[in-house]
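Secondary and tertiary structure notes
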Amino acid sequence: MADEVVLLDLWASMFGMRVRIALAEKGIKYEYKEEDLKNKSPLLLQMNPIHKKIPVLIHNGKPVCESLIIVQYIDEVWKDKSPLLPSHPYQRAQARFWADFVDKKVYDVSRKLWTTKGEEKEAAKKEFFETYKILEGELGDKPYFGGETFGYVDLAFVTFYSWFYVVETFGEFSIEAECPKIIAWAKRCLQKETVAKTLPDQKKVYEFIRQMRGE
Amino acid sequence: MEEVKLLGSWPSPFVHRVIWALKLKGIKYEYVEEEDVLYNKSEMLLKYNPVHKKVPVFIHGGKPIAESIVILEYIEETWPQNPLLPDDPHERAEARFWTKFEEDKIQKIFGFLMTAGEKQVAATKEAQEVLRIVEEHGLGEKKFFGGNNMGLADIAFGWIATSMEILEQAAGVKVLEANTFPRLKAWIQNFNEIPVIKESLPDRNALLTYYKARRVVFLSAAAS
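Now for a look at the structure at hand. (Residues numbered from 1 in each chain as written. Chains lettered and ligands numbered in written order. Predicted model: local features only at pLDDT ≥ 70, side-chain atom pairs only at ≥ 80, totals over all residues. Heavy atoms only, no water.)

Describing the overall build of chain B
The secondary structure content of chain B amounts to nine helices and four strands. Secondary structure elements in chain B, listed N-terminal to C-terminal, are β-α-β-α-β-β-α-α-α-α-α-α-α. Over its C-alpha atoms chain B spans a radius of gyration of 18 Å, differing by no more than 12% from the 17 Å that the globule rule assigns to 224 residues. Overall size of chain B, expressed as C-alpha extent along the three principal axes, is 55 × 45 × 30 Å. Within chain B, the fraction of its 224 residues that count as buried is 51%. Considering only residue pairs separated by 6 or more positions, chain B has 68% of its internal contacts joining residues 24 or more positions apart. Total accessible area computed for chain B in this model is approximately 10,700 Å², and 52% of it derives from carbon and sulfur atoms. Charge-centre separation for chain B: the mean point of 28 positive side chains lies 3 Å from the mean point of 32 negative side chains. (Helix = DSSP H or I, 4+ residues; strand = E, 2+ residues; numbered from the N terminus. Rg over C-alpha atoms; globule rule 2.2 N^0.38 Å. Buried < 20%, exposed > 50% of the residue type's maximum accessible area, 1.4 Å probe, protein only. Contact = heavy atoms within 4.5 Å. Areas by Shrake-Rupley, 256 points an atom, 1.4 Å probe, with all protein chains shown as cover. Lys, Arg positive; Asp, Glu negative; His and termini not counted. Charge placed at Lys NZ, Arg CZ, Asp CG, Glu CD.)

A word on the interface of chain A and chain B
Contacts between the two partners involve 26 residues from chain A, matched on the other side by 24 residues from chain B. Regarding the contact of chain A and chain B, the summed buried area is about 2,300 Å², with carbon and sulfur atoms giving 67% of it. The largest per-residue losses of area from chain A upon contact with chain B belong to Ile50, Tyr90 and Phe97 of chain A, which jointly make up 26% of the total buried on that side. A salt bridge links arginine 92 of chain A to glutamate 77 of chain B, with the shortest nitrogen-to-oxygen separation between them at 3.0 Å. At the boundary of chain A with chain B, the tally comes to nine residue pairs in polar contact (both at pLDDT 80 or more). Within the residue set of the side of chain A that touches chain B, elements represented by two or more residues are strand S4 (62–65), helix H3 (67–77) and helix H4 (89–115) of chain A. In terms of residue count, H4 of chain A provides more of the side of chain A that touches chain B than any other element does, 13 residues in total. Broken down by class, the residue content of the side of chain A that touches chain B amounts to 14 nonpolar, three polar and nine charged. (Buried area = accessible area lost by both parts, 1.4 Å probe. Salt bridge = Lys/Arg side-chain N within 4 Å of Asp/Glu carboxyl O. Polar contact = N/O pair within 3.5 Å; in protein donor to acceptor, adjacent residues only side chain to side chain. Nonpolar A, V, L, I, M, F, W, Y, C, P; charged D, E, K, R; others polar.)

What about the packing of H3 of chain A against helix H4 (residues 89–110) of chain B?
Look at H3 of chain A against H4 of chain B: their axes get within 10 Å of each other, and the N-to-C directions meet at 160 degrees. Comparing their axes, H4 of chain B and H3 of chain A come out roughly antiparallel. Relative to H4 of chain B, the crossing made by H3 of chain A is right-handed. Counted together, Ile69, Gln72, Tyr73, Glu76 and Val77 of chain A of H3 of chain A and Pro89, His90, Arg92, Ala93, Arg96, Phe97 and Lys100 of chain B of H4 of chain B form the full contact between these two elements. (Axes fitted to C-alpha atoms, helices over the stretch in contact; angles between N-to-C directions. Parallel < 35°, antiparallel > 145°, perpendicular 65-115°, else oblique. Left-handed = near helix turned anticlockwise from the far one by under 90°.)

This is the structure we're talking about:
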């Protein structure tokens, strides 16, 4: 029996992009369903009743929620091709730690840049660069966070690249000026077909945010 | 066998999780107490967890791992006996989902300890809403989050079983009122009867004193 794989997602979501890259890396055929977050489908509400968020992967009728949990699920089910996590337990732990760091810090600190003003925004800018400097430190001189090859942490973080224009425009700063290694790393990741085909154009994401804000 | 060390702080629910996992799997370890983890972090802690500077830190053969859930997944992969996760990938994803839910919502559940008056009433209600979801969707009709046997999600929520009553006493409020969370209450009883859990329960009076003191700190910080 063929696998039935459905992805409920939103094109601009950096979390959804993680799943799309993972599916592409494994060469998995799937049906993509675009969600309108202002008008969530009955399927989304049924498959993710707790959070009502995307992405949701539906594999043979059973839902998996939360982007990094979905990526780990994909890695475990389609384990014979293109491993996403390292094989050694200690390296896996480090990969999980840094992906968790991206989840805990990067989204919130970016979001504050377009939802706050004045002193709060200045504090958010400071936090943003502190967070990115830590990530730059972890990257070091390696081509990827995963070492010689693109891996789990790269997948978890690179999707935020499509939001860099949004962040830079609202934050009124240049990421490249402060964190050139991060930009160099992102561009290296974009040389991978799966990443290049998944990440939307930065300006399109910016227009999307402007529309959301009713501008 | 390589040396196993755990850097911890005795009241921390995050540290308890790692202790439970180590004991369940019969792993020998050296425990090192952080004397003053909040106000005077040791050199060892700053060296082994420079990013978050928090406990627990797990050190295996000299190599450190931070963040309790990351540590638990590592322990599970390194010592597969008495597994914390099922074999089926979908069930594993479910366990991880509820473990993450606990991580994301724990601040909301603790809110009632850190507030007073009307704010505490609101915080208590918020905590109960979260716990309602946990009981109905996470636990459901199962004995444990993990099914017939306890697993990763049970360990993540375990502090509710071992410490909720103490927290309620310290805060002077009832969150899990009688008859309002029957399945969660049954789970608490079952969880606390697991031999490893029973043996490792922290000193009740010491924990009560500790949380009362923390409450004072939270309330005066909020007032200033």
